[in-house]
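So the chains spell out like this:
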Amino acid sequence: GQMCESTLASNFGAPADELTRQIFDHPPSFRVQHISDVAGAEVCGALKNVIALGAGFVDGLNLGGNTKAALLRVGLREMAKFCKVFFDGVQDQTFMESCGMADLITTCYGGRNRKCAEAFARERGADCCAGVGVGGAILNDDGEEMLVDPHHVNLAHEKACEERWQKIEEELLNGQKLQGT
């Protein structure tokens, strides 16, 4: 099969850490690296999903590869900052392991969050101006300006966004859900 790697983070102590790693490590196509930074590995696994939403928006808005690369670079840096602020003992090297940079890249190029965010951005771009007139006025079906309470517009917009995300999840994820949202 194709080469794959993973990070196993644990603090069982010797020899349990190595024995646990060996349970999952089945070369030549699957490699497991052990690290002791449990908090760093877990938070990387969560925060990459948020950055993947951004990557999907970048793709959906056709902002290009350089923009996406910048998002991943800044995103990885912010993951590290977040971890260091909220968790003691997080190690810099964790972000260069497969649980850090590699998982971030994989998720931002092929993950479900990226896929759904791309679809959301493409749909939003296609209909973002529907029902909006000059200066942002709300238009009825006949194209006439309507007087509306801004609070009701915000609530309606929020509900429409939630419904759009649900529809995209149903259509693209075959029963799975977005991660970390």
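Here's a quick rundown of the structure. This structure is a prediction, so every number in the text was calculated from the model and none was measured.

Observations concerning the pattern of salt bridges
Right, on to step 1. One pass over the full model with this rule turns up 15 salt bridges.
Right, on to step 2. When the shortest N-O distance is used, the salt bridge between E18 and R21 registers 2.7 Å. You can see E18 and its partner R21 sitting in helix α1 (residues 16–24), three residues apart, about one turn around the helix.
Right, on to step 3. Residue classification places E18 among the partly exposed positions, given a relative accessible area of 34%.
Right, on to step 4. For E118, the salt bridge identified is with R122, shortest N-O distance 2.8 Å. Here E118 pairs with R122, and both are found in helix α5 (residues 112–127), just four residues apart, close to one helical turn.
Right, on to step 5. Residue class for E118 comes out buried when judged on its relative accessible area of 17%.
Right, on to step 6. Residue classification places R122 among the partly exposed residues on the basis of a relative accessible area of 38%.
Right, on to step 7. Shared partners join several salt bridges into a network, and the residues in it are D59, K68, R114, E118 and R122.

Quick notes on the state of the cysteines
Right, on to step 1. Under the counting rule described, the total for this entry stands at zero disulfides.
Right, on to step 2. C44 forms no disulfide, and the closest cysteine sulfur to it belongs to C99, at a distance of 5.0 Å.
Right, on to step 3. Residue classification places C44 among the buried positions, given a relative accessible area of 1%.

Here's the deal with the packing of helix α3 (residues 65–86) against helix α4 (residues 98–110)
Right, on to step 1. Taken N-terminus to C-terminus, the directions of α3 and α4 make an angle of 140 degrees; their axes are 11 Å apart at the nearest point. With respect to their mutual orientation, α3 and α4 come out oblique. Crossing handedness for the pair α3 and α4: right-handed. Between α3, through K68, L72, L76 and M79, and α4, the contact on the second element is made entirely by G100, M101, L104, I105, C108 and Y109.
Right, on to step 2. Within the contact of α3 with α4, the residues separate by chemical class into eight nonpolar, one polar and one charged.

Comments concerning the packing of aromatic side chains
Right, on to step 1. Scanning the entire structure with this criterion turns up four aromatic pairs.
Right, on to step 2. Considering the side-chain rings of F57 and W165, the 6.2 Å spacing of their centres and the 65 degrees angle between planes classify their relative orientation as edge-to-face. Linking F57 in helix α2 (residues 38–60) with W165 in helix α6 (residues 150–172), this pair joins segments that are 108 residues apart in sequence.
Right, on to step 3. A centroid spacing of 4.6 Å and a plane angle of 40 degrees characterise the contact between F82 and F86, whose relative ring orientation is tilted. In this pair, F82 and F86 both sit in helix α3, four residues apart, roughly one turn of the helix.
Right, on to step 4. Owing to a relative accessible area of 54%, F86 belongs among the exposed residues under this scheme.

Quick notes on the environment of R77
Right, on to step 1. Examined against the element boundaries, R77 turns out to sit in helix α3.
Right, on to step 2. Taking relative accessible area as the criterion, R77 reaches 41% and is therefore assigned partly exposed.
Right, on to step 3. A sequence separation of 18 residues divides R77 from F95, and the C-alpha atoms of the two residues are 8.8 Å apart.

A few points about the nonpolar core
Right, on to step 1. I51, L76, M79, C83, F95, L104 and C108 are the most contacted members of the largest nonpolar core, which totals 15 residues.
Right, on to step 2. Taken together, the elements giving at least two residues each to this core come down to α2, α3 and α4.
Right, on to step 3. Top element by residues in this core is α2. It accounts for six residues.
Right, on to step 4. Setting aside chain neighbours within four positions, we find M79 in contact with C44, L47, K48, I51, F95 and L104.

Parameters and conventions
Once a new chain begins, its residue numbering starts again from 1 and follows that chain's sequence as written. The predicted nature of this model means local features are confined to residues of pLDDT at least 70 and side-chain atom pairs, given and counted, to a pLDDT of 80 or more, with totals for whole chains, interfaces and linings taken over all residues. To obtain the side-chain values, all non-hydrogen atoms of the structure were used and water was disregarded. Think of a salt bridge as a Lys or Arg side-chain nitrogen and an Asp or Glu carboxyl oxygen that are within 4 Å of each other. Secondary structure is summarised from DSSP: a helix means a run of H or I of at least four residues, a strand means a run of E of at least two, and numbering begins at the N terminus for each. We call a residue buried when its accessible area falls under 20% of the maximum for its residue type, exposed when it is over 50%, and partly exposed in between, using a 1.4 Å probe and counting protein chains only. Two cysteine sulfur atoms form a disulfide, by the criterion used here, when they sit within 2.5 Å. In this description, a line fitted to the C-alpha atoms serves as the axis of each element, helices being fitted only across the stretch in contact, and the angle between N-to-C directions of two axes falls anywhere from 0 to 180 degrees. Working rule for angles: under 35 degrees goes down as roughly parallel, over 145 as roughly antiparallel, 65 to 115 as roughly perpendicular, anything else as oblique. For a crossing to be left-handed, the near helix must be turned anticlockwise from the far one by less than a right angle; the clockwise case is right-handed. Any two residues whose heavy atoms approach within 4.5 Å at even a single point are treated as in contact. Any residue outside Ala, Val, Leu, Ile, Met, Phe, Trp, Tyr, Cys, Pro, Asp, Glu, Lys and Arg is labelled polar, Gly included; the first ten of those are nonpolar and the last four are charged. Here the aromatic set is Phe, Tyr and Trp, taking the six-membered ring for Trp, and pairing holds for ring centres within 6.5 Å; pairs whose planes are under 30 degrees apart are stacked, those over 60 apart are edge-to-face, and all others are tilted. Joining through side-chain atoms within 4.5 Å is the link that ties buried Ala, Val, Leu, Ile, Met, Phe, Trp, Tyr and Cys residues into a set, and such a set is a nonpolar core.

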